[in-house]
Amino acid sequence: MISEQMAALVSGNGAIRAMFEEGSRLAALYGRENVFDFSLGNPNFPAPADVRRAIVETLDGEDSVLVHGYMSNAGYADVRGDVARSLNGRFGTAFGENNIIMSVGAAGGLNVVLKTLLNPGDEVVVFAPYFVEYGNYVKNYGGKLIVVPPDTEYFMPNAQRLKAALTPRTKAVIVNSPNNPTGVVYSEETIKGIAAVLEEARCEHGADIYIISDEPYRELVYDGAVVPYITKFYPNTIVCYSWSKSLSLPGERIGYIVVPSEAQDYSLVYDAACIATRVLGFVNAPSLMQRAAAKCLGANVDTDAYDRNRRRLYEGLKSLGFSCVFPSGAFYLWMQSPLPDAEFAEAAKKQNILLVPGISFGCPGYARLAYCVSPDTVERSLPAFARLASECF
Ligand code: PLP
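Residues numbered from 1 in each chain as written. Predicted model: local features only at pLDDT ≥ 70, side-chain atom pairs only at ≥ 80, totals over all residues. Heavy atoms only, no water.

Taken together, 14 residues sit near the ligand, with A106, D214, Y217, S242 and R253 positioned nearest. A distance of 2.8 Å is found between an oxygen atom of the ligand and a side-chain nitrogen or oxygen belonging to S244. The separation between an oxygen atom of the ligand and a polar side-chain atom of K245 is 2.9 Å. A total of 390 Å² of accessible area belongs to the ligand in isolation, and the protein chains cover 92% of it. With three residues, the top contributor of residues to the shell around the ligand is helix α6 (residues 105-117). Looking at the shell around the ligand, its residues break down into six nonpolar, five polar and three charged. (Near = heavy atom within 4 Å. Polar contact = N/O pair within 3.5 Å; in protein donor to acceptor, adjacent residues only side chain to side chain. Areas by Shrake-Rupley, 256 points an atom, 1.4 Å probe, with all protein chains shown as cover. Helix = DSSP H or I, 4+ residues; strand = E, 2+ residues; numbered from the N terminus. Nonpolar A, V, L, I, M, F, W, Y, C, P; charged D, E, K, R; others polar.)

The subject of this paragraph is the pairing of strand β8 (residues 255-258). Burial along β8 is two-sided: G255 and I257 facing one way and Y256 and V258 facing the other are all buried. As paired strands, strand β2 (residues 100-103) and β8 are joined by four bridges and run antiparallel to one another. By the bridge assignment for β8, S103 is matched with G255. Bridge analysis of strand β7 (residues 237-242) against β8 gives four bridges, and the strand direction is antiparallel. Bridge pairing in β8 links S242 to G255. (Buried < 20%, exposed > 50% of the residue type's maximum accessible area, 1.4 Å probe, protein only. Pairing = 2+ DSSP bridges.)

Under the defined criterion, the tally for this structure stands at 20 salt bridges. Here R25 makes a salt bridge to E22, at a shortest N to O gap of 2.8 Å. Residue R25 and its partner E22 are both found in helix α2 (residues 15-30); the two are separated by three residues, about one turn of the helix. A relative accessible area of 45% means that R25 is categorised as partly exposed. Judged by its relative accessible area of 15%, E22 falls in the buried class. Note that K349 and E346 form a salt bridge whose closest N and O atoms lie 3.5 Å from each other. Here K349 and its partner E346 are both found in helix α13 (residues 341-350), three residues apart, which amounts to about one turn of the helix. Shared partners join several salt bridges into a network, and the residues in it are E62, D78, R291 and K295. (Salt bridge = Lys/Arg side-chain N within 4 Å of Asp/Glu carboxyl O.)

Here it is in structure tokens:
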């Protein structure tokens, strides 16, 4: 018999995954080109050429025992050093190899950090709408997810609402910018506002609250949007970065955690996170990908291609009467749902459009479209959206 916790997960098995499976079913019925699957954030654009070169170079040029072997749980020291220097060059930080832990993507990083920080009953605050897996990750360690209601005007975290959500049990606040599902990039003012509220809470409750900055979309920004580096505004920040999206490598499971020396209990947190990497069964981040990623620190996926999709889809939907947030980052379009969530998803499905209802992100009344699809899919979807609009308005 499986555990009660897993039984609950099996019966509620992720709306996003279910939608993905629905995509395969519809594709078999109508042909892949006639299904407009905007449900999953699985990049459809190839990894930059540098990635292949780096993998081949690593395999050809380095000692194969070193390339495929175990290393310290934190990851290769030279790779961590390279990551730290790259961050310092870009953001004016002062990290060293002992501030970096290589991780199994952002998901692995988040689990390591939550395992490191949480006692049962500790509270982790998120801002709606939020990445649906946060709830599961927090529950993995007996934590309690506290959801700050959305500010539907700009979809920026609202510092006053955050303040109302903090208690003496608050251990961490998860911040995700560029944001999944809204595509909003949090401004420096917003980050400063969050930092001020957490500082106030520290004075009031006497307990430090960590920010966990979940950053798989840091590099995916448009029109010169700037993503503030949060450790500079709130030193008690632990960053979970991933190359899944910036290098189109989601299946390779590679990222890193940053624990700044200024974070509360830095040494303990760093050591515990290394041990968490081990005891969660990751042992270490994938060795070949660590070495390859270190050779690609300046590389990035072609954001122009995402940008073209972003503009085409946004303009197309707007002209049909849908109301959407114009995204500054990530590859998601957040639209107001003209019908109740489930009804809208069902009506979209009838037009072979797959989207994720806002309720899956703790924000009913909206829907998410992942536009990391081929430009052809965007183009061909517009007549289907037109038919959907005529049903809704
Ligand atoms: N956090 C957010 C907000 C995401 O959207 C995702 C993946 O879509 C993840 C974390 C997990 O990313 P990774 O593939 O790096 O584990």
